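Structural overview for review
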Amino acid sequence: MAHWFHRNPFKATAPVTFDLRKYTSDGPSQKICSELRDARYAMLNAVTDPTLDVVVMESTVTNYLSLLQGMLVAVDETEGESKLRYAVKFKWTNSMLGNSVTEQQDSVYEQCCMLINIGLWYTKHAAAVAAKDDISIDEAKDVHKCLRKAAGVFQLVKEEKGKLLQSQEESGGDLDPRIIAAYMEQSVAEAQEVTIRRCQSFPLT
């Protein structure tokens, strides 16, 4: 089964300090900035390990993206755009454009890039499980579920989050709608292949 899955590399990124003293300097705010920095570091470490347990990975993802939400959405009653959305510059590579770096001073860009890496992680986790010599029916279900989740993440970026960006991604970059659509459709197709393989390999009950 392992040969079904693509092997595109993860997106690489530069460290981010989340130094927001220009905007706020009180103790609680600085504590959140420190938590953001640590949560981002933890997530970037986790995403490089495709064998990591899905529950552990998803907990790490939730921790960082929930903190990042404070830079996307205002915390007051208006629930509009956060004043911090454009406070930090983020630098990322693209999974199919080598080591060239793209940067945007926009927290939505950070969110989208992280989501792309999460989608890629699900495909790589599925590949790691599928590569086993003797895969159980529960493991086959795990592979299928991860591929469906990957497709859902790519769809979220393509149809919702990516449309919020002020600057358009370069052609062939990970946020190019055509690239995201290809990732999404490939994940769906691979999930369907897993379903067919399960039907061939396991007796119906």
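Quick look at the structure, then.

Thresholds applied
Residues numbered from 1 in each chain as written. Predicted model: local features only at pLDDT ≥ 70, side-chain atom pairs only at ≥ 80, totals over all residues. Heavy atoms only, no water. Axes fitted to C-alpha atoms, helices over the stretch in contact; angles between N-to-C directions. Helix = DSSP H or I, 4+ residues; strand = E, 2+ residues; numbered from the N terminus. Parallel < 35°, antiparallel > 145°, perpendicular 65-115°, else oblique. Left-handed = near helix turned anticlockwise from the far one by under 90°. Nonpolar A, V, L, I, M, F, W, Y, C, P; charged D, E, K, R; others polar. Buried < 20%, exposed > 50% of the residue type's maximum accessible area, 1.4 Å probe, protein only. Lys, Arg positive; Asp, Glu negative; His and termini not counted. Salt bridge = Lys/Arg side-chain N within 4 Å of Asp/Glu carboxyl O. Contact = heavy atoms within 4.5 Å.

1. Here's the deal with the packing of helix 3 (residues 107-130) against helix 4 (residues 137-161)
Taken N-terminus to C-terminus, the directions of helix 3 and helix 4 make an angle of 160°; their axes are 8 Å apart at the nearest point. Between helix 3 and helix 4, the interaxial angle falls into the category roughly antiparallel. For the pair helix 3 and helix 4, the crossing hand works out as left-handed. Looking at side-chain class alone, the contact of helix 3 with helix 4 contains 18 nonpolar, four polar and four charged residues.

2. Observations concerning the side chain of lysine 124
Mapped onto the elements, lysine 124 comes out in helix 3. Despite its burial, lysine 124 pairs with no opposite charge, the nearest such side chain being glutamate 190 at 10 Å. Beyond its immediate sequence surroundings of up to four residues, lysine 124 is in contact with Arg7, Asn8, Pro9, Phe10 and Pro50.

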